[in-house]
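Coordinate inspection notes
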There are 4 protein chains.
Amino acid sequence: MNDRPTFHGVIPPLVTPFTEDGEVDVATLEQVVEHLVASGVHGVFPLGSTGEVAYLTDAQRRLVTSTVAKATAGRVPVLVGCIDLTASRVVEQARQARDAGADGIVATTPIYAINDSEEIAGHFRAIHAAVDLPLVAYDVPVRSHARPPLEVLLQLGQEGVLVGVKDSSGDDIGFRRLVRGNRLAGNPLALLTGHEILCDAMLLVGADGIVPGLGNVDAAGYVRLYDAAVAGDWDRAVAEQQRLVNLFDIVFAATSRSADARGVGAFKAAMVALDLLPSARMATGVEPLAAADDELIRTVVRDWQAAGSQEPSA
Amino acid sequence: MNDRPTFHGVIPPLVTPFTEDGEVDVATLEQVVEHLVASGVHGVFPLGSTGEVAYLTDAQRRLVTSTVAKATAGRVPVLVGCIDLTASRVVEQARQARDAGADGIVATTPIYAINDSEEIAGHFRAIHAAVDLPLVAYDVPVRSHARPPLEVLLQLGQEGVLVGVKDSSGDDIGFRRLVRGNRLAGNPLALLTGHEILCDAMLLVGADGIVPGLGNVDAAGYVRLYDAAVAGDWDRAVAEQQRLVNLFDIVFAATSRSADARGVGAFKAAMVALDLLPSARMATGVEPLAAADDELIRTVVRDWQAAGSQEPSA
Amino acid sequence: MNDRPTFHGVIPPLVTPFTEDGEVDVATLEQVVEHLVASGVHGVFPLGSTGEVAYLTDAQRRLVTSTVAKATAGRVPVLVGCIDLTASRVVEQARQARDAGADGIVATTPIYAINDSEEIAGHFRAIHAAVDLPLVAYDVPVRSHARPPLEVLLQLGQEGVLVGVKDSSGDDIGFRRLVRGNRLAGNPLALLTGHEILCDAMLLVGADGIVPGLGNVDAAGYVRLYDAAVAGDWDRAVAEQQRLVNLFDIVFAATSRSADARGVGAFKAAMVALDLLPSARMATGVEPLAAADDELIRTVVRDWQAAGSQEPSA
Amino acid sequence: MNDRPTFHGVIPPLVTPFTEDGEVDVATLEQVVEHLVASGVHGVFPLGSTGEVAYLTDAQRRLVTSTVAKATAGRVPVLVGCIDLTASRVVEQARQARDAGADGIVATTPIYAINDSEEIAGHFRAIHAAVDLPLVAYDVPVRSHARPPLEVLLQLGQEGVLVGVKDSSGDDIGFRRLVRGNRLAGNPLALLTGHEILCDAMLLVGADGIVPGLGNVDAAGYVRLYDAAVAGDWDRAVAEQQRLVNLFDIVFAATSRSADARGVGAFKAAMVALDLLPSARMATGVEPLAAADDELIRTVVRDWQAAGSQEPSA
């Protein structure tokens, strides 16, 4: 598979572990990375939404990137989220990420600003022009609201501005059309999906890689899913996915708190239950899940372990 | 009117003038401030959406604040927009604003993050705890998406965390209920509206101040409007407002480009037409209006001048 | 005021009383109409959203219209909501309304269909061409989703297709621009606002009439508010409005159930508390409010009565 | 495959052909049905969004249903859209559909009304109680806005109120969770997807059937796609789907007019190009596509035919 893009396969968006006083827990972050690499992932993506990037200061972001870059030690590429309002500010994030060891950067459309298609294209061109690292567009309308139009993505791929798209749009019709457009253009873009529970389907459709937050909890499962899909063993891919759909119930277990707390909080609580994290502490600014929700999540994990023929390689 | 809150009256959200190479045009910014103060405004609000804050780096933001603080020289308070993703990052903006001379700061709900009411309250409490400056909540869902709930605003006003609310929500029903709740709580909050063409109505409802982007173009008109309202001369207030409604057509004149370009671009183009700015250049990242749109805006301004009995005091 | 449009002043959207078996309670509906007319309203609007029109069969709608037409007996005009998916179906509703005694009809933009501006204009033209009754456009995006563009409304007013607009959009900036455009066009449109708690402000802005659901509960208060506004006594208008803002808390008292139940349910519960209705029963398909919510509403009404110098003329 | 639900396989939502004076073109509708049945479809779905149901009067709807029921003559089941605002009105549509020969009915959540989950459940229960025909819930938020919650769908499946769900939500994460919940409940629901260009993926996920508007244009292609999926030949299914993705470009060819015109209009224009329809006329209320758009659609169809190894069986 020499023709696979640099960013392909299973690339989990890393959770950011915190100490009890709200600082980045460097030692645990190293262990998380080590566990993922040992599980066979093809890359890691720190400072995404799952990494609670919005809550981190510049100093904390720098520490996360340098820690992850050191921990991976070149074994898999490190794709770093550079999340800020507009290009002029994203460039500053991107330079810091580059200096801290990033192999590639991920940027959304402008946030807070309200731009048209040409301005959105200019935004990515400005980032690319300023920072000599592969650039992946992050399509996450639930957070950045404006979407990069299909035509802009394909155009920027052909220009060499973008090397990929991380799709968390929920718009699978758009994703299919992106797959087709990308093929007609000679596959300039690595197409990555963020849909935890549709990875089999999106790989069937033509995704190059998957970026599942749930991959922090069961990386090995996603690696098996991906390998099955690449091998054309769709029955096996679906079976692995269904096992992960069951596990994904952790995200719906919590009814207290915000979407940020319920999502990342569920991943962290499950990682604690599986001894992958010492604490489910979230970033300062995110309230912890209620104890009852935490217990529900542990129950989902326990039932899932009991039901599964394959244990996650914790 | 000794009982008016510190932030009251006409507080225009300042445009940020740029040089042709995209840097902050300090000399022109000083002139804009001088013109507004001479027109009788009661405060200025740099680094709001009208100030294209999203496109400015930290260094540019610092320069804007220090320039405005020096130019006002204590004659009117300077309320500085501190726009970033979450409290930990807003605090850094706020400290910089304080050091550069801000008299108060303005912060939105968390951006990019997805929080619940309690987390939103915690967000403002964290900013207030970290920076000893009056804090105004900025309710601008078209940009920051999440809204601060009415109960949270009133609670934070009573706690002394917030001194005011800048309402750009478009939710006038909510604004009326906020006015009432604030009165029942002893008026802890200064209530400011961002609706350029409903200032008369919102002052009737009980707003303490108005923050019209169009105030960059005709500050004197808004001061007359405000004075008429305070004096209970509603016929006069409505007449002034209607004159400004006519002028506001500049915002609808442009059909090219993004909402950011059409809004701020129209203000800047009209200021050029009125010799209040040497150039309509917008921040790097915002495309200029088409020449035809610029011409339409000039025509609106010309017709408006011809029709009006009162000239703006350019 | 000879130049007032036919539809002006206070035009409450009538609640529809139901018997315990879910049929239209004709006798009570007659009493509701009689009470409103005696309170000085300038028109009535059966079969709007407040009238739970969506839940009524054609036979029930016909019965409501004929009952209201008989009860008003020409003393005030009857404006009937003809709510259906598209023009071909609205026309059938409109013919039935005309035959049952309507003086005018109210229609939304197409529902379920997804149309452009020209098709929306064609929709109203088709209704007007088929039914020889004054036609009012109902702008209620929370229910019909598509909005009639400002230009379309003004164009249709000038064509004689529309005689008015009932604005429940919440877009007061748009309303102000509609007022101005209508004046420039010679006032072809009667502009009616549905904002219960912004009637003073919208009358200041230039509304011709108000269509408050809360007018079922305190019609006399809205008539006083309107009369004060027409007389230019804005202090008095604001005072009456603030009294009604307090009463409007009934709508926020209920936390159980749907928006439909909480809104109309609160009006009906308050009417029961004020002996204006024998039962708060809602249409089949809408669940009753919880008893605790009902009690909260009664408390709001009681406190409101205790606080007010003027009793509603029940 | 004895355990397949009654409604499964390829069930195209039928276009409604119109004569030049806007009446239902009965003879052509019979031919469309005959063509589809001959192409191997497993059911037909008249009076869906693709059938322009929103624009049809009751009399026209009755005529469509009776025509389709006669034309299918029991060879495949006829699932009829009963689209109206709330249960009381849907029931009237459903009775008419039953009397005209429907084998099952399809209903959305309440339209225009704003209901909670319990009221939405009650809505479907009321329809089921009143009309003794299999009932399929139609989840189409772009038109009916409110969505039936996952838990409600599963509960109603287990109660026997619903026999299926037609998913046009675009929410594939929800669809996957629906598939899983339905399996755990013993598969009470037939799960049908409306995603024209994700049929392979949704069949992989576990859909029982597909309801592609594009199936009016190339029914045989969708039948081959479905057969390949049932046989587990995913390479073949994807290849057929990709061929249909190419054809689906017709929907994006048109840039003039509304979404309704561009969607159904493209299907009809392509059917004309393929001699499957004599005229692309749409319902009264929908403007025709521009001639240039029509030409673009013909070009897409021509290129698609030229590229494809398999001709549609016209």
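Details of the structure are given in the entry above.
Let me sum up the structure you'll find in this document. (Residues numbered from 1 in each chain as written. Chains lettered and ligands numbered in written order. Predicted model: local features only at pLDDT ≥ 70, side-chain atom pairs only at ≥ 80, totals over all residues. Heavy atoms only, no water.)

1. A word on the overall build of chain A
Helix and strand counts for chain A come out as 13 helices and seven strands. In terms of overall size, chain A behaves like a compact globule, its C-alpha atoms giving a radius of gyration of 18 Å where 314 residues would be expected to give roughly 20 Å. Here chain A holds 314 residues, and the buried ones make up 66% of them. Of all intrachain contacts in chain A linking residues separated by at least 6 positions in sequence, the fraction that spans at least 24 positions is 73%. Put simply, chain A shows about 10200 Å² of open surface, and 50% of that area lies on carbon and sulfur atoms. Positive and negative side-chain charges in chain A, numbering 25 and 40 respectively, have mean positions lying 2 Å apart. (Helix = DSSP H or I, 4+ residues; strand = E, 2+ residues; numbered from the N terminus. Rg over C-alpha atoms; globule rule 2.2 N^0.38 Å. Buried < 20%, exposed > 50% of the residue type's maximum accessible area, 1.4 Å probe, protein only. Contact = heavy atoms within 4.5 Å. Areas by Shrake-Rupley, 256 points an atom, 1.4 Å probe, with all protein chains shown as cover. Lys, Arg positive; Asp, Glu negative; His and termini not counted. Charge placed at Lys NZ, Arg CZ, Asp CG, Glu CD.)

2. Quick word on the relation of the copies chain D and chain A
Mapping chain D onto chain A leaves a residual RMSD of 0.0 Å; the transformation is a rotation of 180° accompanied by 0.0 Å of translation along its axis. Classification of the inter-copy transformation places it as that of a two-fold axis. Measuring from the rotation axis to each C-alpha of chain D, the shortest distance belongs to Ala201(D), at 2.4 Å. An overlap of 100% is found between the interface residues of chain D and their copies at the interface of chain A, pointing to a shared contact surface. (Least-squares fit on C-alpha atoms with pLDDT ≥ 70 in both.)

3. A look at the nonpolar core
Core analysis: the biggest nonpolar cluster contains 463 residues, and Ile250(A), Ile250(B), Ile250(C) and Ile250(D) have the highest contact counts within it. Among all residues touching Ile250(A), those that are not within four sequence positions of it are Leu214(A), Ala266(A), Phe267(A), Ala270(A), Ile297(A), Val300(A) and Val301(A). (Core = buried A, V, L, I, M, F, W, Y, C linked by side-chain atoms within 4.5 Å.)

4. What to know about the relation of the copies chain D and chain C
Of the two same-sequence chains, chain D is brought onto chain C (RMSD 0.0 Å, axial shift 0.0 Å) by a rotation of 180°. Comparing contact sets, 100% of the residues at the interface of chain D also lie at the interface in chain C, consistent with an isologous, same-surface contact.

5. Comments concerning the interface of chain D and chain A
Across the boundary between the two partners, chain D contributes 22 residues, which contact 22 residues of chain A. Interface of chain D and chain A: buried area, both sides summed, is about 2300 Å²; carbon and sulfur atoms make up 60% of it. Of all residues in chain D, the largest losses of buried area upon contact with chain A belong to Arg176(D), Arg180(D) and Leu204(D), amounting jointly to 28% of the total for that side. Where chain D meets chain A, there are six salt bridges. Residue Asp200(A) is joined to Arg176(D) by a salt bridge in which the shortest nitrogen-to-oxygen separation is 2.5 Å. Summed over the shared surface of chain D and chain A, the result is eight residue pairs in polar contact (both at pLDDT 80 or more). (Buried area = accessible area lost by both parts, 1.4 Å probe. Salt bridge = Lys/Arg side-chain N within 4 Å of Asp/Glu carboxyl O. Polar contact = N/O pair within 3.5 Å; in protein donor to acceptor, adjacent residues only side chain to side chain.)

6. Quick notes on the sheet that holds strand 2 (residues 79–81) of chain B
Residue and element names in this part refer to chain B. Reading across from one edge, 1-7-6-5-4-3-2 is the order of the seven strands in this open sheet, with parallel pairing throughout. At either end of the open sheet lies a strand with only one pairing partner, and these are strand 1 (9–10) and strand 2. In this structure, strand 3 (residues 104–108) lies alongside strand 4 (residues 135–139), joined through four bridges in parallel fashion. The residue of strand 4 that forms the bridge with Ile-105 is Leu-135. Along the sheet, helix 4 (residues 117–130) contacts strand 3 and strand 4; its crossing angle with strand 3, the most-contacted strand, is approximately 155°. (Pairing = 2+ DSSP bridges. Axes fitted to C-alpha atoms, helices over the stretch in contact; angles between N-to-C directions.)

7. A word on the pairing of strand 5 (residues 164–167) of chain C
Looking along a regular strand, one sees side chains alternate from face to face of the sheet. Residue and element names in this part refer to chain C. Because side chains alternate across strand 5, one face comprises the buried residues Gly-164 and Lys-166, and the other comprises Val-165 and Asp-167, equally buried. Both strand 4 (residues 135–139) and strand 5 contribute to a ladder of four bridges, which runs parallel. The partner of Ala-137 across the bridge, within strand 5, is Val-165. Sheet topology places strand 5 next to strand 6 (residues 190–193); four bridges connect them, and they run parallel. Looking at the pairing, Val-165 lines up with Leu-191 of strand 6. A crossover links strand 5 with its parallel partner strand 6, the connecting element being helix 7 (residues 172–184), and its sense is right-handed. (Right-handed = clockwise from strand over helix to strand, strands pointing away.)

8. A short note on the interface of chain D and chain C
Many structure descriptions define interface size as the accessible area lost when the parts assemble. Contacts between the two partners involve 39 residues from chain D and, on the opposite side, 39 residues from chain C. Overall, the association of chain D and chain C removes approximately 3200 Å² of surface from exposure, summing both partners, and the carbon and sulfur fraction of that is 51%. In terms of surface lost to chain C, no three residues of chain D exceed Arg89(D), Tyr112(D) and Ile114(D), which account for 26% of the buried area on that side. Linking chain D to chain C there are eight salt bridges. One salt bridge in this structure joins Arg257(C) and Glu118(D), with 3.3 Å as the shortest N-O distance. Of all the secondary-structure elements, those providing two or more residues to the side of chain D that touches chain C are helix 2 (58–72), helix 3 (87–99), helix 4 (117–130), helix 5 (141–144) and helix 12 (259–273) of chain D. No other element matches the four residues that helix 3 of chain D contributes to the side of chain D that touches chain C. Tallied by class, the residues present in the side of chain D that touches chain C amount to 16 nonpolar, 11 polar and 12 charged. (Nonpolar A, V, L, I, M, F, W, Y, C, P; charged D, E, K, R; others polar.)

9. What about helix 6 (residues 150–159) of chain B?
All names here are of chain B. Considered for burial, the residues of helix 6 that qualify are Leu-150, Val-152, Leu-153, Leu-154, Leu-156 and Gly-157. Of the surrounding secondary structure, the elements contacted by the buried residues of helix 6 are helix 4, strand 4, strand 5 (164–167) and helix 7 (172–184). Positive backbone phi, at 85°, marks Gly-160, one or two positions downstream of helix 6.

10. Remarks on the side chain of Asn216(B)
Residues and elements named next belong to chain B. Along the chain, Asn-216 turns up in the loop between strand 7 (209–210) and helix 9 (219–230). Within the local environment of Asn-216, its side chain forms a polar contact with the backbone oxygen of Pro-13, the two atoms lying 2.8 Å apart. Only 2.9 Å separates the side chain of Asn-216 from the backbone oxygen of Gly-213, close enough to count as a polar contact. Leaving out residues up to four positions away in the same chain, Asn-216 has contacts with Pro-12, Pro-13, Leu-14, Val-15, Val-32, Leu-36, Thr-50, Met-271 and Leu-276.

11. Details of the pattern of salt bridges
Any two side chains of opposite charge can pair, on the condition that their charged atoms come close. Scanning all chains against the criterion turns up 84 salt bridges over all chains. Among the ionic pairs, Arg89(B) bridges to Asp58(A), the shortest N-O distance being 2.9 Å. In this pair, Arg89(B) sits in helix 3 (residues 87–99) while Asp58(A) sits in helix 2 (residues 58–72), so the two residues belong to two different chains. Classification of Arg89(B) as buried rests on a relative accessible area of 4%. Within this structure, Asp58(A), Asp84(A), Arg89(A), Asp58(B), Asp84(B) and Arg89(B) form a network of salt bridges that share partners.

12. Considerations on the packing of helix 6 (residues 150–159) of chain C against helix 7 of chain C
All names here are of chain C. At a minimum axis distance of 10 Å, the contact between helix 6 and helix 7 shows a crossing angle of 30°. What the angle tells us is that helix 6 and helix 7 run roughly parallel. Considering the relative orientation of helix 6 and helix 7, their crossing is right-handed. Across the interface between the two elements, Leu-150, Leu-153 and Leu-154 from helix 6 touch Arg-177, Leu-178, Gly-181 and Asn-182 from helix 7. Class assignment for the residues of the contact of helix 6 with helix 7 results in four nonpolar, two polar and one charged. (Parallel < 35°, antiparallel > 145°, perpendicular 65-115°, else oblique. Left-handed = near helix turned anticlockwise from the far one by under 90°.)

13. Quick word on the sheet that holds strand 6 of chain C
The strand order across the open sheet built from seven strands is 1-7-6-5-4-3-2 (chain C), with neighbouring strands paired in parallel fashion. Bordering the open sheet on either side are strand 1 (9–10) and strand 2 (79–81) of chain C, each of which pairs with just one other strand.

14. Brief notes about unusual backbone geometry
Glycine aside, the phi torsion of most residues is negative, and most peptide linkages are trans. Unusually for a residue other than glycine, Glu52(B) sits at a positive phi of about 55°. With respect to the element layout, Glu52(B) can be found in the loop between helix 1 (26–38) and helix 2 (58–72).

15. A short note on the packing of aromatic side chains
Residue and element names in this part refer to chain D. Per the counting criterion, the structure on display carries eight aromatic pairs over all chains. Seen from their ring centres, Phe-45 and Tyr-138 are 5.9 Å apart, and the 75° between their planes marks the pair as edge-to-face. Residue Phe-45 is found in the loop between helix 1 (26–38) and helix 2, and its partner Tyr-138 is found in strand 4 (residues 135–139); the two are separated by 93 residues along the sequence. Per residue, the accessibility class of Phe-45 equals that of Tyr-138, and both read buried. (Phe/Tyr/Trp six-rings, centres within 6.5 Å; stacked < 30°, edge-to-face > 60°.)

16. Some points on the side chain of Thr193(D)
Residue and element names in this part refer to chain D. Structurally, the position occupied by Thr-193 is in strand 6 (residues 190–193). A distance of 3.2 Å separates a polar side-chain atom of Thr-193 from the backbone nitrogen of His-195. Look past the residues within four positions of Thr-193 in its chain and what remains in contact with it is Asp-167, Phe-175, Met-202, Ala-207, Gly-209, Ile-210 and Val-211.

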